[in-house]
Amino acid sequence: MTDAAVRRAGPVDVPAMAAIANAWVDETDWMPRDMPPEGITRFIRDALPEREIWVAGEPVCGYLSLDPVTLRIGALYVRERGRGVGKTLMDRVKDGRDMLWLHTHVPNLDAQRFYRREGFAEVSRHAAEPPETVPEIRMEWRR
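All values reported here derive from a predicted model rather than from experimental measurement.

Caption draft 1: Main features of the packing of aromatic side chains. Under the criterion given, the structure shown has 5 aromatic pairs. Aromatic rings pair up to connect Trp24, Trp30, Tyr63 and Tyr77 into one cluster. Above the face of the tryptophan 101 ring, arginine 138 is positioned so that its terminal group lies 3.9 Å from the ring centre.

Next up, the structure:
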């Protein structure tokens, strides 16, 4: 999917992004639902003006949310793994930057493998940030 169009997200994309994130929570047995589906929708909508959020595909098949001040990737979700959507989004936010960081969940081994392939390294492990409850790993990427 390397030819997927990547563009800045707008308000019209919020339902698609929330559907992707909610599906991931529902399909992931180790991830408790700490926020109702409408809460995830509201969280994304409220973050839109403050974050740099990128979507891939038409219809939207993945998104990445970046805090442009702290350079923290707050979310990377794709509808189907293994199609290059996550890499396409990651390449977009790496462009022109020298450093990025994120938290991933300790049980999320697939995400950890993906981030390592993308050049991220583990720097610490810690308790989750509420309302989440699953322990997390901080990973950083430097050019």
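Caption draft 2: The arrangement of the pattern of salt bridges in detail. One pass over the full model with this rule turns up 16 salt bridges. A salt bridge links arginine 33 to aspartate 26; its shortest N-O distance comes to 2.8 Å. Overall, the relative accessible area of 31% leaves arginine 33 in the partly exposed class. Classification of aspartate 26 as exposed rests on a relative accessible area of 59%. When the shortest N-O distance is used, the salt bridge between aspartate 91 and lysine 87 registers 3.2 Å. With aspartate 91 and lysine 87 both in helix α3 (residues 85-94) and 4 residues apart, the pair spans about one turn of that helix. For aspartate 91, a relative accessible area of 37% translates into the label partly exposed. Overall, lysine 87 belongs to the partly exposed group, its relative accessible area being 40%. Through salt bridges that share partners, Lys87, Asp91, Lys94 and Glu118 make up one connected network.

Caption draft 3: Representation of the sheet that holds strand β1 (residues 6-8) within the structure. If you walk across this open sheet you meet the 7 strands as β1-β2-β3-β4-β5-β7-β6, and the pairing is mixed. The open sheet is flanked by β1 and β6 (121-126), the only strands paired with a single partner. Going from strand to strand, the sheet's axes swing by 25° on average, the running direction of each strand aside. Bridge count between strand β4 (residues 72-78) and strand β5 (residues 99-105): 2 bridges; the pairing is parallel. When the sheet's bridge partners are listed, arginine 72 is paired in β5 with tryptophan 101. In this fold helix α1 (residues 14-27) packs onto β2 (52-56), β3 (62-67), β4 and β5, with an angle of close to 80° to the strand it touches most, β4. Across the sheet, helix α4 (residues 109-117) lies against β4, β5, β6 and β7 (136-142), angled at about 165° from β5, the strand it touches most.

Caption draft 4: Just the environment of valine 14, in detail. Secondary-structure assignment places valine 14 in helix α1. Separated by 42 residues in the primary sequence, valine 14 and alanine 56 have C-alpha atoms spaced 13 Å apart. In contact with valine 14, other than residues within four places in its own chain, are Thr41, Ile44, Arg45 and Leu48.

Caption draft 5: How the structure looks around the environment of glutamate 132. Secondary-structure assignment places glutamate 132 in the loop between β6 and β7. Taking C-alpha positions, glutamate 132 is 14 Å from asparagine 22, a pair spaced 110 residues apart along the chain. Reaching out from glutamate 132, the side chain makes a polar contact with the side chain of histidine 105 at a distance of 2.6 Å.

The rules we used
- Residues numbered from 1 in each chain as written.
- Predicted model: local features only at pLDDT ≥ 70, side-chain atom pairs only at ≥ 80, totals over all residues.
- Heavy atoms only, no water.
- Phe/Tyr/Trp six-rings, centres within 6.5 Å; stacked < 30°, edge-to-face > 60°.
- Lys NZ or Arg CZ within 6 Å of the ring centre and 35° of its normal.
- Salt bridge = Lys/Arg side-chain N within 4 Å of Asp/Glu carboxyl O.
- Buried < 20%, exposed > 50% of the residue type's maximum accessible area, 1.4 Å probe, protein only.
- Helix = DSSP H or I, 4+ residues; strand = E, 2+ residues; numbered from the N terminus.
- Pairing = 2+ DSSP bridges.
- Axes fitted to C-alpha atoms, helices over the stretch in contact; angles between N-to-C directions.
- Contact = heavy atoms within 4.5 Å.
- Polar contact = N/O pair within 3.5 Å; in protein donor to acceptor, adjacent residues only side chain to side chain.

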